[in-house]
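An overview of the molecular structure
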Amino acid sequence: METARKLIQTVWFFLVNGFWGFPLTKNIYQGPLKVVCSPGLNCYSCPAATTYCPLGSLQQLLLGIRFSLETGSVYIGTYVVGTMGLLGAICGRFICGWACPFGLFQELLHKIPSVKLPFPRPLTWLKYGFLVLFVVLFPLLLVDEFGLGAPWFCKYVCPAGTLEAGIPMLLLQPELKTTIGWLYWNKIAILILFVLWSIATSRPFCRSTCPLGAFYALFNKHRLIKLKFIAENCTQCGACHHVCPMGINFNETPDSGECISCLKCMTQACKFDAISLEMAGYSFARDIVPQKKKTV
Amino acid sequence: MIMKKKFSLRKAPFILMTGFTVLILVGIALGEPSRVLELAKAICLSCIGIG
């Protein structure tokens, strides 16, 4: 299952980054596919990007909301939020585990042999702050003399943008080097921080900072497809705790917003069919065998 | 002992999906996709730490 997941993550990477003509054009893809939402975090200023980033688009619409309303257009983010919400309602954070290029990048980094460190749990709340403040409120409320805000998350934080767009654009258009300043070096520092942290800790950006993950996490309990915990079959052996890349104790918090549904707990840990996939209430588990089995 | 699986439909996902589909349709009616496309076609240099 883990091999299949890696394969699907790779396919998604190439689907949302499918424009490989950029070394010739020296520019980003500008075709009609960019009206399609990338389910995972993938900067749309990446030269290969074929879809739009929901976070980037939402910030861009919110920062220019006054201007668009003044000109009679009502671009308030309904299309973007609707798309994000529909994806969240169907899959929730399945997307993080199966379709996010930056999640895949962190997982590959974590395979590098090193001292492995636990993730400080209180930091999981930070990403909700980034979602509310850096993606919604700051772009909407902190405006310049022309009434325009800034895309705070993209501009000051997003390491995916630096990796996928900032560095490649400088390589493609070397004349841009004259324009780099503290903003660029600040973002490079954030990228280096997350690269090093990812080697030591599993998916630190997803767990601490990603506003898209925070948004999808809101749906984890009520999404269409989710993991189901079958308490009758659970022996409390704790095997599911040890394999979870997000540090969840699945048998204690089966609807945790942190669950990226990588299915490791179901396929690699639980031997008692206590975890199964479920769609809208229909469980794909084998028939329940309620007698308790031996604890391992 | 083998028990038959019970199936009780969860309605919440369908309510959410309907609500967000309506939002998408409202966005399309307001012409937002063309604005999203316009934004996504342009490189936002300050967004990627340049400029």
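Each remark here, short or long, concerns the structure printed above.
Residues numbered from 1 in each chain as written. Chains lettered and ligands numbered in written order. Predicted model: local features only at pLDDT ≥ 70, side-chain atom pairs only at ≥ 80, totals over all residues. Heavy atoms only, no water.

A word on the overall build of chain A. Looking only at helices and strands, chain A features 15 helices and three strands. The C-alpha radius of gyration computed for chain A amounts to 21 Å, which stays within 12% of the reference 19 Å derived for 296 residues, consistent with globular compactness. For chain A, the proportion of its 296 residues judged to be buried stands at 56%. Residue pairs in contact within chain A that sit at least 24 positions apart in sequence constitute 72% of those at least 6 positions apart. Total accessible area on chain A is roughly 12800 Å²; 71% of this is exposed by carbon and sulfur atoms. The averaged location of the 14 negative side-chain charges in chain A is 7 Å from the averaged location of its 25 positive side-chain charges. (Helix = DSSP H or I, 4+ residues; strand = E, 2+ residues; numbered from the N terminus. Rg over C-alpha atoms; globule rule 2.2 N^0.38 Å. Buried < 20%, exposed > 50% of the residue type's maximum accessible area, 1.4 Å probe, protein only. Contact = heavy atoms within 4.5 Å. Areas by Shrake-Rupley, 256 points an atom, 1.4 Å probe, with all protein chains shown as cover. Lys, Arg positive; Asp, Glu negative; His and termini not counted. Charge placed at Lys NZ, Arg CZ, Asp CG, Glu CD.)

Attention now moves to the overall build of chain B. What chain B contains, in helices and strands, is two helices and zero strands. A buried classification covers 33% of the 51 residues belonging to chain B. Carbon and sulfur atoms make up 72% of the accessible area of chain B, which amounts to about 3100 Å² in all.

Residues and elements named next belong to chain A. Taken in spatial order, the three strands of this open sheet run E1-E2-E3, and their pairing is antiparallel. This sheet does not close on itself; its edge strands, each paired only once, are strand E1 (225-229) and strand E3 (282-283). Alignment of E1 against strand E2 (residues 275-279), held across five bridges, turns out to be antiparallel. Looking across to E2, one finds that isoleucine 225 is bridged to methionine 279. (Pairing = 2+ DSSP bridges.)

A few words now on the packing of helix H1 (residues 2-16) of chain A against helix H7 (residues 101-110) of chain A. All names here are of chain A. In contact at an axis separation of 9 Å, H1 and H7 are set at 130° when each is read in the N-to-C sense. One way to sum up the angle between H1 and H7 is to call them oblique. H7 is crossed by H1, and the crossing has left-handed handedness. Residues Arg5, Lys6, Gln9, Thr10, Phe13 and Val16 of H1 pack against Pro101, Leu104, Glu107 and Leu108 of H7. (Axes fitted to C-alpha atoms, helices over the stretch in contact; angles between N-to-C directions. Parallel < 35°, antiparallel > 145°, perpendicular 65-115°, else oblique. Left-handed = near helix turned anticlockwise from the far one by under 90°.)

Let us look at the interface of chain A and chain B. Taken together, the contact between chain A and chain B spans 62 residues of the former and 41 residues of the latter. Together, the buried faces of chain A and chain B total about 4300 Å²; carbon and sulfur atoms form 70% of this surface. For the pair chain A and chain B, the interface holds one salt bridge. For arginine 10 of chain B, the salt bridge identified is with glutamate 278 of chain A, shortest N-O distance 2.5 Å. The interface formed by chain A and chain B contains 13 residue pairs in polar contact (both at pLDDT 80 or more). Of all the secondary structure elements, the ones that give two or more residues to the side of chain A that touches chain B are helix H3 (54-63), helix H5 (78-91), helix H9 (152-156), helix H10 (159-172), helix H11 (182-200), E2 and E3 of chain A. Considering each element in turn, the side of chain A that touches chain B owes the most residues, 10 residues, to H5 of chain A. (Buried area = accessible area lost by both parts, 1.4 Å probe. Salt bridge = Lys/Arg side-chain N within 4 Å of Asp/Glu carboxyl O. Polar contact = N/O pair within 3.5 Å; in protein donor to acceptor, adjacent residues only side chain to side chain.)

Glancing now at unusual backbone geometry. All names here are of chain A. Its identity is not glycine, yet arginine 203 carries a phi of approximately 45°, on the positive side. Note that arginine 203 resides in the loop between H11 and helix H12 (204-208). Despite not being glycine, serine 261 shows a phi value in the positive range, around 50°. Structurally, the position occupied by serine 261 is in the loop between helix H14 (239-243) and helix H15 (264-269).

Residue and element names in this part refer to chain A. With the rule as written, the count across this model stands at 25 aromatic pairs over all chains. Ring geometry for phenylalanine 130 and phenylalanine 153: centres 6.0 Å apart, planes at 70°, overall edge-to-face. Of the two residues, phenylalanine 130 is situated in helix H8 (residues 126-141) and phenylalanine 153 in helix H9; the sequence distance between them amounts to 23 residues. Pair check on accessibility: phenylalanine 130 and phenylalanine 153 agree, each one buried. Measuring from centroid to centroid gives 5.2 Å for phenylalanine 194 and phenylalanine 205, while their planes differ by 90°, and the two rings are edge-to-face. One end of the pair, phenylalanine 194, is in helix H11; the other, phenylalanine 205, is in helix H12, with 11 residues separating them in the sequence. (Phe/Tyr/Trp six-rings, centres within 6.5 Å; stacked < 30°, edge-to-face > 60°.)

Residue and element names in this part refer to chain A. Taken as a whole and assessed by the stated rule, the structure comprises four cavities of 30 Å³ or more. The space that makes up the largest cavity amounts to roughly 140 Å³. Of all the secondary-structure elements, those providing two or more residues to the lining of the largest cavity are H3, H9 and H10. The leading source of residues in the lining of the largest cavity is H3, at four residues. Looking at side-chain class alone, the lining of the largest cavity contains 11 nonpolar, six polar and one charged residues. (1 Å grid on protein atoms, 1.4 Å probe; cavity = no way out; pocket = protein on both sides within 12 Å on 5 of 7 lines; lining within 4 Å. Points joined across faces, edges and corners; volume = space filled by probe spheres on them. Nonpolar A, V, L, I, M, F, W, Y, C, P; charged D, E, K, R; others polar.)

In short, shape yes, function no, at least from these values alone.
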